[in-house]
Amino acid sequence: MKKSGLNTSGLLAMTAAALLAAGLVTSCAPPEKKDGQGGAAASTATSSADFGGMDGLVEAAKKEGELNVIALPPDWANYGAIIEAFTAKYGIKVNSAQPGASSQEEISAAQQQKGRSTAPDVFDLGQSVALANTGMFAPYKVEHFAEISDSFKDPDGRWVNDYGGYMSIGYDSAKVGVIAGVDDLLKPELKGKVALNGDPTQAGAAFSGVMMVAVAQGGSPDDIAPGVEFFHKLNQAGNFLPVDPTPATIASGQTPVVIDWDYLNVAQAKKVPTWKVVIPHNAAVAGYYFQAINAEAPHPAAARLWQEFLYSDEGQNLYLAGGARPVRADSMVTKGSIDRATYGTLPPVDGAAAFVSVEQNKKATDYLKANWAKAIG
């Protein structure tokens, strides 16, 4: 299903928790490429003002005509509908590559395809991968930049959190009965039935899944070890299923229990009537993904227009329609621009949320790299 990179920065739907060379031009050099009414090169534009405003940005993006995205499954945070809406609004073709790729694979693709027209224009990344590669990102501030909490953005706009959710357990109640919390995953009747979305040493969803289990087992963002130990027990019991869940494996019954973000599990509940979603009591782990522009984007104007669309009221409500919690939620509630009906249907959270800082994330990642493979064999 995807998605990689480690990300646990917090949710705006609740009280925000803090996380945190130019070259010389010679007389014989060719003139700089100009785009839009503002006269700025699209690849160095830091806001729509550099294009003379949004109209200029739209004009420049339409001239490029295409946008390359990567690692955006249609069922992930409603990206299928988001891509369709963007194309319908601006007439720009969206080339969606490797929808099942991880965050690290996004970065690798950009490095391998640097200078080619097929390189990714934009990224959607987990925390650890995003923060380890900020040198690859172009600074850009969308029009709604000021409405986003400082905790959820780079001050220069090199990355901005876009949508988030809570880690959850999704399950087919017709096949496995009722699952109330993490301890139920060790039930003998769940032999070969419990799947985790990815490898926690690389995948943000899997990382947060192990962290959720750790918190439920007495650990904390400072101590992920109880989560690793629980998965060791789960594997010894034969309950752990080393299969990355997808909508197809869920629909077929191959993965009847899935540890994943609540917005992904909720999406499956719309397709499988007996699919239930639970955020374990006192083990609510929250996380955001990071949006960024590739500094070497082959379609730099379209990349910037994509960002503007994602952070607009329309884009943020489209994330919400997919069960994700938009980063501008608080501002949109105040302005009255949020889809209140959909906002009211988000899964309930019992207990305080656990937030993982950058430092805690690094410590947990190092522990997983040293111990995960040994734990699950």
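Residues numbered from 1 in each chain as written. Predicted model: local features only at pLDDT ≥ 70, side-chain atom pairs only at ≥ 80, totals over all residues. Heavy atoms only, no water.

Going by the annotation in an unreviewed UniProt entry, the name recorded for the protein chain is Extracellular solute-binding protein, with Mycolicibacterium cosmeticum given as the source organism.

### Focus: the overall build of the protein chain
Each helix and strand counted, the protein chain has 14 helices and 11 strands in total. The burial tally for the protein chain puts 56% of its 377 residues in the buried class. With the model as given, the accessible surface of the protein chain reaches about 14900 Å², and the carbon-plus-sulfur share is 53%. (Helix = DSSP H or I, 4+ residues; strand = E, 2+ residues; numbered from the N terminus. Buried < 20%, exposed > 50% of the residue type's maximum accessible area, 1.4 Å probe, protein only. Areas by Shrake-Rupley, 256 points an atom, 1.4 Å probe, with all protein chains shown as cover.)

### Observations concerning the nonpolar core
Ranked by size, the top nonpolar core spans 85 residues in total, and within it Tyr 79, Leu 185 and Trp 306 carry the most contacts. In terms of residues, this core owes the most to one element, helix 6 (residues 204-216), which gives nine residues. Both of domain 1 (48-164 + 287-344) and domain 2 (165-286 + 354-376) provide at least three residues apiece to this core. Dropping the residues within four chain positions of it, Tyr 79 is found in contact with Leu 72, Pro 73, Pro 74, Asp 124, Asp 162, Tyr 163, Gln 291, Trp 306, Leu 310 and Tyr 319. Among the nonpolar cores identified, the runner-up in size contains 11 residues, and Phe 123, Leu 125, Met 136 and Phe 290 belong to it. (Core = buried A, V, L, I, M, F, W, Y, C linked by side-chain atoms within 4.5 Å. Domains from an automatic or database assignment. Contact = heavy atoms within 4.5 Å.)

### Quick word on the side chain of Asp 260
By the secondary structure assignment, Asp 260 is in strand 7 (residues 257-261). Classification of Asp 260 by relative accessible area gives buried; the value is 0%. A distance of 2.8 Å separates polar atoms of two side chains, one belonging to Asp 260 and the other to Asn 197. (Polar contact = N/O pair within 3.5 Å; in protein donor to acceptor, adjacent residues only side chain to side chain.)

### Description of the packing of aromatic side chains
Taken as a whole and judged by the stated rule, the model has 20 aromatic pairs. Taking the centre distance of 5.8 Å and the plane angle of 85° together, the rings of Phe 231 and Phe 240 count as edge-to-face. As far as burial versus exposure is concerned, Phe 231 and Phe 240 are alike and both buried. On the numbers, 6.4 Å between centres and 90° between planes, the contact of Phe 240 with Trp 372 is edge-to-face. In this pair, Phe 240 sits in strand 6 (residues 240-241) while Trp 372 sits in helix 14 (residues 358-376), placing the two residues 132 residues apart along the sequence. (Phe/Tyr/Trp six-rings, centres within 6.5 Å; stacked < 30°, edge-to-face > 60°.)

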